[in-house]
Amino acid sequence: MKPPDNHVHTRWSWDTASSSTMELACERARDLGLPGLAFTEHVDFTAWGDGDGGATAPADVGARPRVTPMNVQGYLADLARCRELYPELRLLSGIEAGEPHLFAGSVAAVLAAGEFERVLGSLHAVEHRGGLEYVDSSLLADVDPHDLMRRYLTDMVELVAGSSVFDVLAHCDYPRRYWPTDRAGEYSEADFEEEYRTVFRELASSGRALEIKHQEPAGIGGADALVVAGGR
Ligand SMILES: [Zn+2]
């Protein structure tokens, strides 16, 4: 039995093409023989809201021109339709909450707007020049990559300790996707072993699961093929 893909983005995520529908993801899952999917759409924010950690967080949320609020009603309607169309698939509702320890109030408002069965926690941004900046190639070009990776993993411990809203920690070493091999050499986990271990200890002590990326050549609906091993 293949594992389900528990981290799928569709057109309801701000970074995913409008042609990337839930139906297409379900068709693909059926073709691949997957037992189910979790539609964990991105929930990110561009400003501090009520109940957020803005006071202790960086002054600004850096430019996030494409981030838009999740359309919860549209998402849930799609999901209900897919559950009727694909009864053989186990389809979970969900979100991927970005920096949930900093946006606790804003995330809670989204979670209150619908029923979400799978909540991923993820860190895509760190403090840089007084603002919260996405970790991507342009940030990595501006800093020492090893320093940034250490800071990222340290912030990750704060995220895990500071938010209980999520069940599964997504992509625990996200910046490596943009690792500048030309400047920094090959990425080596061993360089950050202690930092990784600290994250995993914190996560395990709260009984939560780590997302494991399962390398399949073909992703689901354009998203990464990711599975969750263990956990609730
Ligand atoms: Zn993510």
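Residues numbered from 1 in each chain as written. Predicted model: local features only at pLDDT ≥ 70, side-chain atom pairs only at ≥ 80, totals over all residues. Heavy atoms only, no water.

Looking at an unreviewed UniProt entry, one finds the protein named Histidinol-phosphatase, with Mycolicibacterium arenosum as its source organism. Its UniProt record gives the protein a comment under Catalytic activity (unreviewed entry), which states: "L-histidinol phosphate + H2O = L-histidinol + phosphate". Entered under Pathway (unreviewed entry) in the UniProt record, the comment concerning the protein runs "Amino-acid biosynthesis; L-histidine biosynthesis; L-histidine from 5-phospho-alpha-D-ribose 1-diphosphate: step 8/9." (UniProt positions renumbered as here; feature names shortened; annotations may be inferred.)

Draft legend 1. Just the coordination of the zinc ion, in detail. Surrounding the zinc ion are the protein donor atoms Glu 96 (OE), His 124 (NE2) and His 171 (NE2), which sit 2.0 to 2.2 Å from the metal. As a motif over one chain, the donors of the zinc ion read E-x27-H-x46-H. Residue Glu 96 is found in strand β4 (residues 90-98), and its partner His 171 is found in the loop between β8 (168-169) and α6 (181-184); the two are separated by 75 residues along the sequence. Each of the two residues, Glu 96 as well as His 171, counts as buried. (Donors = N, O, S within 2.8 Å, 3.2 Å for Na, K, Ca; no water. Helix = DSSP H or I, 4+ residues; strand = E, 2+ residues; numbered from the N terminus. Buried < 20%, exposed > 50% of the residue type's maximum accessible area, 1.4 Å probe, protein only.)

Draft legend 2. Geometry of the packing of aromatic side chains. Applying the stated rule across the entire model yields 9 aromatic pairs. When the ring of Phe 45 is compared with that of Phe 103, the centres are 5.4 Å apart and the planes differ by 35°; the resulting orientation is tilted. With Phe 45 in the loop between β2 (36-43) and β3 (60-61) and Phe 103 in the loop between β4 and α3 (104-112), this pair connects stretches of sequence that are 58 residues apart. Residue classification places Phe 45 among the buried positions, given a relative accessible area of 14%. Residue class for Phe 103 comes out buried when judged on its relative accessible area of 0%. Aromatic side chains Trp 179 and Phe 192 sit 6.3 Å apart centroid to centroid with 80° between the ring planes, which places their arrangement in the edge-to-face category. Residue Trp 179 is found in the loop between β8 and α6, and its partner Phe 192 is found in the loop between α6 and α7 (193-205); the two are separated by 13 residues along the sequence. A residue is classified by how much of its surface remains accessible, and Phe 192, at 0% relative accessible area, is buried. When the ring centre of Phe 166 is taken as origin, the NZ or CZ atom of Arg 208, which lies over that ring, is 4.3 Å away. (Phe/Tyr/Trp six-rings, centres within 6.5 Å; stacked < 30°, edge-to-face > 60°. Lys NZ or Arg CZ within 6 Å of the ring centre and 35° of its normal.)

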